Amino acid sequence: MVKLDIAGKKYDVPTEWKDITLNYWLGWYEVIKKHEQICQASMKEGEEFNKENPLSNLNDIQIMNLNVDIFKYITKLDDETIKKIDVDSILNAMSFISQLTEEYKPTGVDGFIYEEKKYFFPKEAMYNNTFGDYIEATQLDMTIENMKHGIFDVLPEQMAILCREAGEVFDEKLVKEKTEKFKNLTMDTIWEFSFFLSIQNLKLTRAFQMFSEEERVVQEA
């Protein structure tokens, strides 16, 4: 986080994922998605929209408009005030903000601390979790496309199901409460869990595929 002097006032500008909470990022995400949708709607017939890297579809004017809206989201300044700010102040702020567009690189942590409690990610291949936990957590993925913020709407609940303190036994009654708490986690933790879960899902999927193949071979023998 850096403090920038903009029009005589100090503003906190996030420079790393640890500087912003999930709730804060959801608002930022809505700004980005709005401009992606505007871009997609303006494309000519036959032009292909790059879904893997949606921001790469934006032209220079669209990128400028996106940056202005992000700047407004961070500073909470209105349009009239922004028009009076010198260009250097905005460019300086955006140079820091652009660091958040870089892909997050996971560090391989085994959990996180929230409210002075250590919560652990599920152990290797989720062996410490029941299959019911896994099913409940992964079923949430099926609703992602219909959710306003995509994967970010389900990750807190997945963490509430799968992440626990040492010795904690799963209690479905606590999931809702933990989900609300985990919405206040910073984005570095959210990304770490997202990467961890995707790796574990891949391992389990491969294991199921191998089992199914072995079973098919036995049946055909």
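On a predicted model such as this, the values are computed, not experimentally measured, just so you know.

What counts and what doesn't
All chains use their own residue numbering, which begins from 1 and follows the written sequence. For a predicted model such as this one, the threshold for reporting local features is a pLDDT of at least 70, and the threshold for listing and counting side-chain atom pairs is 80 or more; totals across whole chains, interfaces and linings nevertheless cover every residue. Hydrogens and water are ignored here; the side-chain numbers use all heavy atoms of the structure. The predictor attaches a confidence to each residue, called pLDDT, with possible values from 0 through 100. Each helix is a run of DSSP H or I of at least 4 residues and each strand a run of E of at least 2, with the numbering of both proceeding from the N terminus. Contacts: residue pairs with any heavy atoms within 4.5 Å of one another. Each pair of strands is called paired provided DSSP finds at least two bridges between the two strands. A simple rule labels every residue: compare its accessible area, found with a 1.4 Å probe on the protein chains alone, to the largest value its type can have, and call it buried under 20%, exposed over 50%, or partly exposed in between. Each direction from the helix axis to a C-beta atom contributes to the arc, which is the arc of those directions. Only the stretch in contact is used when fitting a helix axis, every axis being a line fitted to C-alpha atoms; angles between N-to-C directions are given from 0 to 180 degrees. Each angle is binned into one of four classes, with values under 35 degrees roughly parallel, values over 145 roughly antiparallel, values of 65 to 115 roughly perpendicular, and all other values oblique. We call a crossing left-handed when the near helix sits turned anticlockwise from the far one by less than a right angle, and right-handed when that turn is clockwise.

### A word on the confidence of the model for the protein chain
Move 1: Per-residue confidence for the protein chain gives a mean pLDDT of 76, with 76% of residues at or over 70.
Move 2: Within the protein chain, no element has a lower average pLDDT than helix α5 (residues 131-139), which sits at 49, and none a higher one than strand β3 (residues 111-114), at 93.
Move 3: Confidence over residues 142-148 falls short of pLDDT 50; this stretch has nine contacts with residues more than four positions distant or in other chains.
Move 4: Low confidence marks residues 202-219, where pLDDT is under 50. Its contacts with residues over four positions away, or in another chain, come to six contacts.

### Quick look at the pairing of strand β4 (residues 117-120)
Move 1: Alignment of β3 against β4, held across four bridges, turns out to be antiparallel. Opposite Ile113, over in β4, you have Lys118 as the bridge partner.
Move 2: Hairpin connection from β3 to β4: two residues lie between these consecutive antiparallel strands, with Glu115 at a positive phi of about 50°.

### Things to note about helix α7 (residues 175-182)
Move 1: Buried within α7 we find Val175, Lys178, Thr179 and Phe182. Seen end-on, α7 carries its buried residues on one side only, within an arc spanning 105°.

### As for the environment of Trp17
Move 1: Position of Trp17 among the secondary structure elements: in the loop between β2 (9-13) and α1 (22-42).
Move 2: In this structure the C-alpha to C-alpha distance between Trp17 and Gln99, which are 82 residues apart in sequence, comes to 9.3 Å.
Move 3: For Trp17, the contacting residues outside a window of four places in its chain are Trp25, Leu100, Glu102, Tyr104, Thr186, Met187, Asp188 and Trp191.

### Regarding unusual backbone geometry
Move 1: Of note, Lys76 is a non-glycine position whose phi angle comes to about 65°, a positive value.
Move 2: For Lys76, the position within the fold is in the loop between α2 (60-75) and α3 (79-83).
Move 3: With phi around 50°, Glu115 is a residue other than glycine that occupies positive phi space.
Move 4: Looking at where Glu115 falls in the secondary structure, it is placed in the loop between β3 and β4.

### A short note on the pairing of β2
Move 1: Pairing analysis gives five bridges linking strand β1 (residues 2-6) to β2, with the strands arranged antiparallel. Its bridge partner being in β2, Ile6 is matched across the sheet by Lys9.
Move 2: The antiparallel pairing of β1 with β2 creates a hairpin that spans two residues between the two strands, and Ala7 there sits at a positive phi of about 55°.

### Examining the packing of α1 against α2
Move 1: Two elements in contact, α1 and α2, have axes whose closest approach is 10 Å; the angle formed by their N-to-C orientations is 160°. Comparing the axis directions of α1 and α2 gives the class roughly antiparallel. The way α1 lies across α2 gives a crossing that is right-handed. From α1, Asn23, Tyr24, Gly27, Trp28, Val31, Ile32, Lys34, His35, Cys39 and Ser42 reach across to α2, where they touch Gln62, Asn65, Leu66, Asp69, Ile70, Tyr73 and Ile74.

### Details of helix α4 (residues 87-97)
Move 1: Taken together, the buried positions of α4 are occupied by Ser89, Ile90, Ala93, Met94 and Ile97. In an axial view of α4, the angular spread of the buried residues amounts to 125°, which keeps them on one side of the axis. Along α4, exposed side chains directed more than 90 degrees from the buried face belong to Val87, Asp88 and Leu91.
Move 2: Residues of α4 that are buried sit in contact with β1, β2, α1, α2 and α3.

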